[in-house]
Amino acid sequence: MAAKKQTAKDNQKQTTATENEKTQYKIPFITARIDRIASDANSKIKANASVTIGNHFAVHGIKVYDGGEKGLQVLYPGHKGTDGKFYDDFHPITKESREALNGYVLDAYEQKMEQVQTEQQAESEELDEDEEPAFEQSM
């Protein structure tokens, strides 16, 4: 009888240890990239992004959204239900994971925008150097 009680206590300890291990998972390595930038400047959707989580999972269809006064926000892939409401197909569970994922996506967006702006400036400078005056007046 004493052996049964000891086994039950050991099982309980294992269960508790397993539960504690689950709560101590760290946020895995995340990379984000901007797939497309919106061509329409008036669009609320500014870009589409993809995220790789822990080099094991990829999530596509993440959007960078201009929330007006709230600033840029991250929208996760979802679908419209038969009741007319929208439901996320993917979303972070904890506040920490949401903040991390949003941070990576918004950082990638800012870097992409800087890259685009730099490329546009370089093209503009090249045009300025190569341009010949359209009209010259001589006397």
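These numbers were taken from a predicted model, which means no experiment stands behind them.

S.K.: How would you explain the sheet that holds strand β4 (residues 72–75) if you had to name every residue and give the values?
M.R.: With antiparallel pairing, four strands are arranged side by side in an open sheet as β1-β2-β3-β4. Every interior strand has two partners, whereas the edge strands, β1 (30–37) and β4, have only one. Direction aside, the axes of adjacent strands within the sheet are offset by 30° on average. In this structure, β1 lies alongside strand β2 (residues 45–53), joined through seven bridges in antiparallel fashion. Bridge pairing in β2 links isoleucine 37 to alanine 47.

S.K.: Tell me about the pattern of salt bridges, and please be specific about residues and values.
M.R.: It is possible for side chains bearing opposite charge to pair when their charged atoms get close. Within the structure shown, the criterion is met by one salt bridge. In this structure, aspartate 35 engages arginine 33 in a salt bridge whose closest nitrogen and oxygen atoms are separated by 3.0 Å. Among the residues examined, aspartate 35 registers a relative accessible area of 36% and is labelled partly exposed. A relative accessible area of 45% places arginine 33 in the partly exposed class.

Reading the values: the criteria
Residues numbered from 1 in each chain as written. Predicted model: local features only at pLDDT ≥ 70, side-chain atom pairs only at ≥ 80, totals over all residues. Heavy atoms only, no water. Pairing = 2+ DSSP bridges. Helix = DSSP H or I, 4+ residues; strand = E, 2+ residues; numbered from the N terminus. Axes fitted to C-alpha atoms, helices over the stretch in contact; angles between N-to-C directions. Salt bridge = Lys/Arg side-chain N within 4 Å of Asp/Glu carboxyl O. Buried < 20%, exposed > 50% of the residue type's maximum accessible area, 1.4 Å probe, protein only.

These figures come from the coordinates and say nothing about function on their own.
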